[in-house]
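Residue-level listing of the chains:
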Amino acid sequence: MAEASRILQTTLISTFTQTPFQKPKTLAYPSLQKLSKRVTTRCLATTTSNEETKKSSSSSGGFENITWGCEMDSPENAEGLQKWLYGSGLPPQKMGIQKVEVGERGLVALTNIRKGEKLLFVPPSLFITADSEWSCPEVGDILKRENVPDWPLLATYLISEASLKDSSRWLNYISALPRQPYSLLYWTPSELDRYLEASQIRERAIERINGVTGTYNDLRRRIFSKYPNLFPETVYNMETFKWSFGILFSRLVRLPSMDGRVALVPWADMLNHSCEVETFLDYDRSSQGVVFTTDRPYQPGEQVFISYGKKSNGDLLLSYGFVPREGANPTDSVELSFSLKKSDKCYKEKLEALKKHGLSTPQCFPLQITGWPVELMAYAYLAVSPPSLNKQFGEMAAAASNKTKRKDLRYPELEEQALQFILDSCESSISKYSKFLQASGSMDLDVTSPKQLSRKLFLKQLAVDLSTSERRILYRAQYILRRRLRDMRSGELKALKLFDGFRNFFKSD
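Quick notes on the rules
- Residues numbered from 1 in each chain as written.
- Predicted model: local features only at pLDDT ≥ 70, side-chain atom pairs only at ≥ 80, totals over all residues.
- Heavy atoms only, no water.
- Salt bridge = Lys/Arg side-chain N within 4 Å of Asp/Glu carboxyl O.
- Helix = DSSP H or I, 4+ residues; strand = E, 2+ residues; numbered from the N terminus.
- Buried < 20%, exposed > 50% of the residue type's maximum accessible area, 1.4 Å probe, protein only.
- pLDDT = per-residue confidence, 0-100.
- Contact = heavy atoms within 4.5 Å.
- Core = buried A, V, L, I, M, F, W, Y, C linked by side-chain atoms within 4.5 Å.
- UniProt positions renumbered as here; feature names shortened; annotations may be inferred.
- Polar contact = N/O pair within 3.5 Å; in protein donor to acceptor, adjacent residues only side chain to side chain.
- Phe/Tyr/Trp six-rings, centres within 6.5 Å; stacked < 30°, edge-to-face > 60°.
- Lys NZ or Arg CZ within 6 Å of the ring centre and 35° of its normal.
- Pairing = 2+ DSSP bridges.
- Axes fitted to C-alpha atoms, helices over the stretch in contact; angles between N-to-C directions.
- Parallel < 35°, antiparallel > 145°, perpendicular 65-115°, else oblique.
- Left-handed = near helix turned anticlockwise from the far one by under 90°.
- Nonpolar A, V, L, I, M, F, W, Y, C, P; charged D, E, K, R; others polar.

### Some remarks on the pattern of salt bridges
Piece 1. Counted according to the given criterion, the structure contains 20 salt bridges.
Piece 2. Measuring nitrogen to oxygen at the nearest pair gives 3.9 Å for the salt bridge that ties R114 to E117.
Piece 3. Its salt-bridge partner being E416, residue R489 comes within 2.8 Å of it at the nearest N-O pair. With R489 in helix α14 (residues 450-508) and E416 in helix α13 (residues 415-440), the pair connects residues that are 73 residues apart, well separated along the chain.
Piece 4. Note on E416: relative accessible area 22%, which makes it partly exposed.
Piece 5. In this structure, a network of salt bridges that share partners links the residues K94, R114 and E117.

This is the structure we're talking about:
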């Protein structure tokens with residue numbers, strides 16, 4: 001999809017979607033029961049040598065261990081995919097895969113395309129879903145018998161099919177998938193610490209990496225280790241699972257018209273994102289294929305875009321490995337962390353109220369260029385409330401969690417303190433971003449090979465772009481907060497002067 005481009009996402013799934021006011025959950029699936037039968041049939045998987053699997057991956061995210069896929073700008077693999085799709089039921093297209101400026105590869109108009117025209121028509125026979133037929137049915141039977149959910153099932157499916165190479169019907173598709181994606185799933189811990197120290201996306205990236213690691217370890221312990229002939233560690237390992245989950249995070253599509261079913265849709269996933277379009281992929285019952293409807297015309301040679309959804313720049317970097325140019329994303333936001341003060345006399349009572357409504361301290365809230373959510377204001381009211389308002393703690397916590405019908409929660413006597421509470425966190429975060437951006441110009445990348453240098457420079461630029469866009473939102477919030485506080489204090493000063501004037505008048509009288 002938008003493989004390392006600098007533009008933007010649809011109903012394409014990014015991760016297990018969370019509300020903005022809850023901590024993201026880790027990837028997981030229900031406990032697997034003990035396997036009752038041992039399958040003796042073997043599937044011949046093409047594996048790498050033990051020496052290859054022992055290569056150090058600390059400096060490049062483990063890409064050396066992936067023996068399938070291609071470089072992201074490979075025209076040969078893209079042409080092979082296109083030819084195979086046409087021979088497998090894809091109808092004639094008005095677009096072709098070409099090397100493009102936005103996204104490295106993309107679908108480009110081959111003829112005039114009108115606004116409102118339906119395109120693609122990818123048939124279900126070309127979808128990869130949880131019900132797809134396995135080239136090695138024994139592997140699929142074991143996973144399905146143990147009720148492995150769709151995400152880890154599809155991740156294992158991709159690895160199984162990729163390892164079989166010529167024996168898999170998906171050879172041409174997998175050969176056209178990127179071998180070295182740039183999503184945060186592939187950043188090393190030191191890269192996350194170094195480049196994303198100011199952004200909350202770092203914490204979400206760590207949670208995602210830990211989730212994928214936990215999911216793989218659970219599968220390995222409960223299934224793979226019991227069937228080493230079917231699940232050799234040279235094929236089913238942490239690096240291949242990072243690759244397959246990376247493909248799912250960046251390419252899996254949720255189809256609203258198929259009851260929200262998720263699928264990999266070859267050809268459709270070559271479309272890149274633009275924040276200037278709103279059209280998205282879906283299943284069309286009349287034509288029985290995945291389509292999208294253009295919301296603008298295209299001339300021959302123009303790249304055709306879809307929307308990946310209303311996501312922040314951080315979300316786009318997290319799953320897709322790119323950051324839109326500053327100011328280009330109207331739905332961009334930055335997560336800001338807020339905490340209760342442990343010195344607060346009512347700390348325990350406030351924390352209990354938050355936990356009761358699924359919140360915690362610290363707690364993150366999204367700020368946009370247009371402002372902040374009402375839930376944040378409710379959290380701020382709770383944070384600055386005096387003991388005399390302890391009966392309102394529950395109401396404030398409920399409003400902060402969006403679990404109340406009352407949207408106009410206001411405490412005028414706390415307004416100034418609440419705004420100052422938000423401003424303090426905002427300015428503290430701005431300081432962290434500014435420190436990183438100032439240091440980024442002289443940052444020692446500490447690499448020796450040209451390939452590693454190219455990767456480090458690319459990741460550093462992504463981090464600079466993200467930090468710049470997120471700091472821009474914080475600067476705007478800072479301006480609004482300071483202005484409101486100034487107006488409030490100016491109004492209070494005028495009222496005080498007026499009161500003093502009246503008092504002096506009556507005294508003199």
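### Remarks on the confidence of the model for the protein
Piece 1. Of all residues in the protein, 80% have pLDDT values of 70 or greater, and the mean over the chain is 85.
Piece 2. With pLDDT under 50 throughout, residues 2-42 is counted as low confidence; its partners more than four residues away or in other chains account for 157 contacts.
Piece 3. Contacts of residues 47-60 to residues separated by more than four positions or lying in other chains number 21 contacts, the stretch itself having pLDDT below 50.

### Re the nonpolar core
Piece 1. Core analysis: the biggest nonpolar cluster contains 82 residues, and L120 and F241 have the highest contact counts within it.
Piece 2. Ignoring any residue separated from it by four or fewer positions in sequence, one finds F241 in contact with A155, T156, I159, V212, Y216, L219, F224 and Y236.
Piece 3. Residues L336, L340, A353 and L423 belong to the second largest nonpolar core, which totals 46 residues.

### Observations regarding the UniProt feature "binding site: S-adenosyl-L-methionine" (unreviewed entry) in the protein
Piece 1. Sequence positions flagged by UniProt for "binding site: S-adenosyl-L-methionine" (unreviewed entry) are, in local numbering, R251, N272 and H273. Across 23 residues in sequence, these annotated residues keep their C-alpha atoms within 11.9 Å of one another, forming a single compact spot.
Piece 2. Inspection of the secondary structure assignment puts R251 in helix α8 (residues 238-251).
Piece 3. Mapped onto the fold, N272 is located in strand β6 (residues 272-273).
Piece 4. A polar contact is formed between the side chain of N272 and the side chain of Q303, at a distance of 2.7 Å.

### Some details on the packing of aromatic side chains
The way to describe two aromatic rings as a pair is by their centre distance and the angle between their planes.
Piece 1. Applying the stated criterion to the full structure yields 22 aromatic pairs.
Piece 2. Ring centres of W84 and W170 lie 5.8 Å apart, and the angle between their planes is 70 degrees; this geometry places the pair in the edge-to-face category. Of this pair, W84 sits in helix α2 (residues 75-87) while W170 sits in the loop between α4 (150-164) and α5 (171-175), and the two are 86 residues apart along the sequence. Of the two residues, W84 and W170, both sit in the buried class.
Piece 3. Grouping aromatic residues by their ring pairs yields a cluster made of W151, Y216, F224, F231, Y236, F241, F245 and F249.
Piece 4. The ring of Y298 carries the charged tip of R296 above its face, separated from the ring centre by 4.1 Å.

### Points about the sheet that holds strand β8 (residues 289-293)
Piece 1. Taken together, three strands build an open sheet; the order of strands is β3-β8-β7 and the sheet is antiparallel. The strands lining the two open edges of the sheet, one partner per strand, are β3 (118-122) and β7 (282-284). If you compare each strand with its neighbour and ignore which way they point, the axes differ by 45 degrees on average.
Piece 2. Here β3 runs beside β8; their pairing, made up of four bridges, is antiparallel. The residue bridging K118 from the neighbouring strand is T293, located in β8.

### Points about the packing of helix α7 (residues 201-222) against α8
Piece 1. At a closest axis distance of 10 Å, the pairing of α7 and α8 adopts a crossing angle of 125 degrees. As far as their axial angle goes, α8 and α7 are oblique. Considering how the two elements wind past one another, α7 and α8 form a crossing that is right-handed. Where α7 abuts α8, its residues R208, V212, T213, T215, Y216 and L219 lie against M238, F241, F245 and F249.
Piece 2. For the contact of α7 with α8, a count of residues per class yields seven nonpolar, two polar and one charged.

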